[in-house]
Amino acid sequence: MFAIFRQLAFRKFRRAETHLHELNYLFWECTTRCTLNCIHCGSDCHRDSTHPDMPLGDFIRALDTLDTRAKNFIVAITGGEPLIREDIEDAGMEIRKRGMRWGIVSNGQLYDRKRHNSLLNSGMGALTISLDGLKESHDWLRNKPGSFAKVDRAIELAADSKRLNFDVVTCVNRRNLSELPSIYNYLQAKRVKAWRLFTIIPIGRAKENPELILSDNEFKEMLDFIAEQRNRGQMDVKFSCEGYVGAYETKVRDTPFFCRAGINIGSILIDGSISACPNIDRSFIQGNIYKDNFHQVWNSGFKPFRDRAWTRKGSCATCKDYTTCQGNGFHNWHGDKSNPLVCHKGKLEDIN
Amino acid sequence: MRRRKIRSIVGGLSFASALFIFQACYGMPQDMLDDVFIQGKVLSSTTNLPLYGIKVESDYEENYVITNSQGEFAFYTPWSDSLKLSIMDTDPESDGNYISKDTILINPGQEVFLNITLEEN
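Residues numbered from 1 in each chain as written. Chains lettered and ligands numbered in written order. Predicted model: local features only at pLDDT ≥ 70, side-chain atom pairs only at ≥ 80, totals over all residues.

All right, on to the sheet that holds strand β2 (residues 54-58) of chain B then. All names here are of chain B. In spatial order, the strands read β3-β2-β5-β6; together these four strands make up an open sheet with antiparallel pairing. Across the chains shown, the open sheet's two edge strands, defined by having one partner strand only, are β3 (64-66) and β6 (101-106). The mean angle between the axes of side-by-side strands here comes to 20°, regardless of whether they run parallel or antiparallel. Sheet topology note: the strand β5 (residues 82-89)/β6 ladder contains six bridges and is antiparallel. Paired with S86 across the two strands is D102, which belongs to β6. (Pairing = 2+ DSSP bridges. Helix = DSSP H or I, 4+ residues; strand = E, 2+ residues; numbered from the N terminus. Axes fitted to C-alpha atoms, helices over the stretch in contact; angles between N-to-C directions.)

Written out as C-alpha cells, the structure reads:
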C-alpha cells in the first residue's frame, strides 16, 4: 500500500518535472580529443576525434542566452578528455562569473596536483573520474599501460579534497566483474565516498567485443553486489541512471529511475549541436548554437524527450512496467528505434 | 508557479528529497557547497608597488594562488564563518624579502576584494 502510494506520488512528480522542464544540468562537449584510445568509449563510439575544439567564446555566447535558469544549474564539462584543453580554468571562471556551478568528467590522466589546484581555484565544485578496474583490467580497457598509475594519483588528490563533490565511475564488464570487491576495498582505502557503476550498451566498438557486455546473470550479479554494499552503508555505492531495473530499483539507487534527458539535462556538443546527454543518438539533435538560440531551443524543442509515448513499441509495447519505465534510458534508442537496445528489467526477468 | 508547488509536494510525498539533486548517467555530481571568490592585490608597504610571486593561501591548503606581475590574485575557496588567509613571500630573496602575514575574514560574503600590504623584512 505504502509502495503504491509512493509510486503514484513519484509519477505525478515526474509529470510536473517534465512539464516544467527546467534546465538543471548542461553538458558541454568541449573537445573530442583524448589522451587515451579506449576499447570502449562512453562519449560516442562513432565520432571523428579530429573535430576542432569548440572555442570557449562560442559556448559562453550560448550560455548567455539563458535569461532564466534553475537554482542548482550546473555545467558538466566533458569530452573527449576535457583536461587536454588548457583553458578549462578560464571556462570555469566565466561560468562562475555568471553565477553558475561547474564540474568535469575526466579519465584522470592529466589530473596532477598543479591542475587540481588550478581547477579548484577556478571554482570547480564537482568531479567524476573513471576507473575501470585495478591495474590490469583498467589498463586493458583504457588500452594503455600505465594509465592506472595516473588515475590512482587523480583519485588520491580528488578524494582528499574538502571542496569537491567527487565520485568514481566504473564501467562494469566481464573482466572486472569479479574484481568489484577488490575495487571497493581499493576505493575505501583511498577514502572515496561515492562510487557509481554502469554497464556498456552494445553500440560502436562495444558491439563487437563480447568481453564488454555482461550476460543477464552477470548483470544480476553486479546489482546484487551494489545492493550488498548499500546495505553495509560504508560508501555511497549506486547503479547509474542508465536504465530501469524493476524489483531492484529500491535496492541499487537512492531515487526511482527517471531518465531526465531533455527534461532537465541538455548538451552543447562539439559541433554546436544541441541535444541532451552526449551519448544519445545524433538523430535526436534539436538544433545548433551556430544557427539557433540555445534557450529558445531548450524551451520549445525536445518534444521526443518530453513526450515519450513514441517509445511504446517493440519490447516496450506490452510491458506491464512501461508507465514506470517509459522506454528505459533515452540513450538506448538508436538506429531505427524499433526497440530499446537494452531492457535492463528484461535482462533480470530472462534469468527466471 | 502552481506546477512548481505540485512538484515540491509530490516530490516530498514520494519520500525522495534527493530527486531534486540528480546526476546524469555520464555526468558528475552536483555542487551545493558554499564558497567564496577572493580577489585582490598585494603591494609593498614601502614602495606601494605590486608584489609578484606572493603566495596567497586559504585555510584549505589545496587553495592557493601566486600573485601575477600586477600583484593580483583571484581564487575560489570553501566558505567558512572564519576564513584564514596566509600571505607569504615564497619566491627567491633576489626580488626582496617580505614578512608573511595572516588575515582572517569573518562571515565573508560570496565575493571579497582585498588590498594587502606586506612589509619588507
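With 32 residues of chain B in contact, the opposing surface of chain A contributes 48 residues. With seven residues, the single largest contributor to the side of chain B that touches chain A is helix α1 (residues 2-13) of chain B. In terms of residue class, the side of chain B that touches chain A is built from 21 nonpolar, five polar and six charged. (Contact = placed C-beta atoms within 7 Å. Nonpolar A, V, L, I, M, F, W, Y, C, P; charged D, E, K, R; others polar.)

Another point: the packing of helix α5 (residues 135-142) of chain A against helix α6 (residues 147-160) of chain A. Residue and element names in this part refer to chain A. Where α5 meets α6, the closest approach of the two axes is 8 Å, and the angle between their N-to-C directions is 105°. If you check the angle between α5 and α6, you find them roughly perpendicular. From α5, K135, H138, D139 and R142 reach across to α6, where they touch S147, F148 and V151. Residues of the contact of α5 with α6, tallied by class, amount to two nonpolar, two polar and three charged. (Parallel < 35°, antiparallel > 145°, perpendicular 65-115°, else oblique.)

The next thing to look at is the environment of Q30 of chain B. Residue and element names in this part refer to chain B. Structurally, Q30 is set in the loop between α1 and β1 (35-44). On the basis of neighbour counts, which here come to 22 C-beta atoms within 10 Å, the residue Q30 falls in the buried class. Counting along the chain gives 27 residues from Q30 to E57, while the straight-line C-alpha distance between them is 26 Å. (Buried ≥ 20, exposed ≤ 12 C-beta atoms within 10 Å, placed from the backbone.)

It is worth spelling out unusual backbone geometry at this point. Residues and elements named next belong to chain A. For the bond from G79 to G80, the omega torsion is 15°, close enough to zero to count as cis. Residue placement: G80 occurs in the loop between β2 (74-78) and α3 (88-97). Despite not being glycine, N143 shows a phi value in the positive range, around 60°. Mapped onto the secondary structure, N143 falls in the loop between α5 and α6. Judged by local crowding, N143 falls into the exposed class, with 12 C-beta atoms found within 10 Å. The residue Q326 is not glycine, and still its phi comes out positive at about 55°.

Our next topic: the pairing of strand β3 (residues 101-106) of chain A. All names here are of chain A. Summarising burial for β3: six of the six residues are buried, a large majority. Here β3 shows two buried faces, one formed by R101, G103 and V105 and the other by W102, I104 and S106. In this structure, β2 lies alongside β3, joined through four bridges in parallel fashion. Bridge pairing links I74 to R101 in β3. The parallel pair β2 and β3 is bridged by α3, and the resulting crossover is right-handed. Assessed by its sense of winding, the connection that carries the chain from β3 through helix α4 (residues 113-121) to strand β4 (residues 126-130) is right-handed. (Right-handed = clockwise from strand over helix to strand, strands pointing away.)

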